[in-house]
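# Residue-level structure breakdown
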Amino acid sequence: MILTVDVGTTSLKLVVFQDTKSLYMGECPLPTYQVDGNSYQRAEDWWDAFKEAIAALQAEAPDLLASVDTFCSTGQMQDCLLVDTQGNPISEVLLYSDGRAKKQFQFISEHYGADKLQTAAVNQPDALLSVAKYLWFKEHRSEQFNQDHLLLLGAKDFINLRLTGKSYTDYTNASTTGFLDMRTNQWNQGLMKCLELDETRLPKLAAATDVIGVVADSTAAELGLPKGMTVINGAGDVGASTLGAGAFAAGDVYCYLGTTGWLACPAAETARTPEIYTLRQIDGMSYILAGAVLNAGKPLEWFLTHIAMEESVDSQVYSHYESKATEVAAGCQGLLFLPFLEGERSPMKVDRNRGGFVNLGTDSNRWQLYRAILEGVGFSLKHNLEAMLGGKSVSKLNLIGGGSRSTLWPQILSDILDAEVHVLDMDVGAPSLGAALIALKAGGQVADFSDLARFFTASRHCLPVPENVTRYGEAYGNYLRHVDALHKPDR
Ligand code: ADP
């Protein structure tokens, strides 16, 4: 029996699996704190949520908990956290989205070189890198920094450390920190030397499927975990989600449509353009390419709440708007939505919050606006897909996330991307399922991940409708022209 934990930003999810079948699910919310315009989390909260979730499992299904023999976790990546040598947190957790280390990033750019860092880390460097946040700690948490400490770079690594006393991370998680030299798959020693940082503070690098130890007897007794439970390294959430979305082979594209979203696929080569993220695949050998959008379900929530003035946004509201929007013809008669309400990350960086409707008329109504939003997000995903695959097309992709609950949106995506969209039949989150698959591979129950493809079934298949594909092809050209105009530097 496999116990998985996904330490997300909003909650910790615990799932017990027998092979790929989930038998129990638990969830504990996680608080985020605000100070001086920055938000942070506390690793103690992660641990408390973990303990609470285990206690609930013990209360509800003690026999199931007793039969767990393997633990595998996943979670948010690109964190920065200091712990003492016993694994006790001595700093707050700076989250992946925390931009406070701008001055420190400037320092790295001047002393080590932004170009040099990009060559080693592959991705375009910025102030969000964990290495910049670590320098921020050096300056602003000097007392903790100067004591004997370990630096942790991902949420699941903290849970693993507390369970086993060992500090490890995986290649996917290491990819977005700035510390990894992706050419050698080692920590970037030149960077560490230049910044006068001590490499021994960093976690050890290992494949996601490596066993890092067993739960310490005292911890097992304290939490009620089975004695001797094997702890697998696990993977950062992008690595686990990719597996959990059934994307195993190079070119298997999947789309996560949540509040934010991404398109990703395993790949043999790094991305051709810096606007697409390159991460190490969970075995540290090949890659995962990802185009991440800040605006997926978010613009829908904005529209329903602030423009349509719906009091609450629930599944009934979505299905009402959807049934009306289904009657609007594809392309909304030229009405176009540019979805950059939250700025954007890929395939171009938009620092300011700007989006918009183009071609509004006195005959425009809310159902058209709603459909235009679904289409505008679809165009933005197509833009990412083109950048990710260098213009090559895909014939099919798997779809996961809250947006896949929509009946209309997957069809719109299919028509815009001119690809079959398979809405996966999932009862647990993709990261949790991915963690279970990692444990199965680690335990030798599966020889190759691709053997697991048969377990992935779609609840719906959307096929591109030729007439709509043509119409959206024209509308996409229009979208690109407006995106270009919107982002002219003088605007
Ligand atoms: P998160 O990304 O926050 O972890 P989810 O994967 O559950 O969470 O996705 C939430 C998003 O899904 C919301 O932004 C919401 O707009 C979108 N969503 C949920 N149901 C529907 C629906 N029926 N139609 C369109 N979008 C939906």
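These numbers were taken from a predicted model, which means no experiment stands behind them. (Residues numbered from 1 in each chain as written. Predicted model: local features only at pLDDT ≥ 70, side-chain atom pairs only at ≥ 80, totals over all residues. Heavy atoms only, no water.)

With that settled, consider the packing of aromatic side chains. Enumeration over the complete set of coordinates arrives at 21 aromatic pairs. Summarising the aromatic geometry, the rings of Phe 379 and Tyr 472 are spaced 6.0 Å apart at their centres and angled 75° between planes, so their arrangement reads as edge-to-face. Of this pair, Phe 379 sits in helix 13 (residues 366-389) while Tyr 472 sits in helix 16 (residues 466-486), and the two are 93 residues apart along the sequence. Across this residue pair, the class does not change: Phe 379 and Tyr 472 are buried. Their ring planes at 40° and their centres at 5.5 Å tell us that Phe 379 and Tyr 479 sit as a pair that is tilted. Placement of the pair is Phe 379 in helix 13 and Tyr 479 in helix 16, with a sequence separation of 100 residues. The exposure class assigned to Tyr 479 is buried, which follows from its relative accessible area of 0%. Through successive ring pairs, a cluster of aromatic residues spans Trp 302, Phe 303, Tyr 321, Trp 367 and Tyr 370. The cationic tip of Arg 100 hangs over the ring face of Trp 136; the distance from NZ or CZ to the ring centre is 4.6 Å. The residue whose ring lies beneath Arg 162 is Trp 47, and the NZ or CZ to ring-centre distance is 4.9 Å. (Phe/Tyr/Trp six-rings, centres within 6.5 Å; stacked < 30°, edge-to-face > 60°. Helix = DSSP H or I, 4+ residues; strand = E, 2+ residues; numbered from the N terminus. Buried < 20%, exposed > 50% of the residue type's maximum accessible area, 1.4 Å probe, protein only. Lys NZ or Arg CZ within 6 Å of the ring centre and 35° of its normal.)

The next thing to look at is unusual backbone geometry. The residue after Ser 346, namely Pro 347, is reached through a cis peptide bond having omega 0°. Summarising the element assignment, Pro 347 is placed in the loop between strand 20 (336-338) and strand 21 (356-358). Even without glycine at this site, Gln 78 takes up a positive phi of about 60°. The backbone phi angle of Asp 418 is positive, close to 50°, even though this residue is not glycine. Examined against the element boundaries, Asp 418 turns out to sit in the loop between helix 14 (409-417) and strand 23 (420-424).

Counting residues in hydrophobic clusters, the biggest one holds 61 residues, and the most contacted among them are Val 253, Leu 257 and Met 388. In terms of residue count, the dominant contributor to this core is helix 13 (13 residues). Discounting residues that sit within four places of it in the chain, Val 253 has contacts with Leu 263, Ala 264, Cys 265, Leu 385, Met 388, Leu 389, Val 394, Lys 396, Leu 397 and Asn 398. Among the nonpolar cores identified, the runner-up in size contains 42 residues, and Val 7, Ile 54, Ala 61 and Leu 161 belong to it. (Core = buried A, V, L, I, M, F, W, Y, C linked by side-chain atoms within 4.5 Å. Contact = heavy atoms within 4.5 Å.)

Remember that the coordinates give geometry; whether it matters functionally is a separate question.
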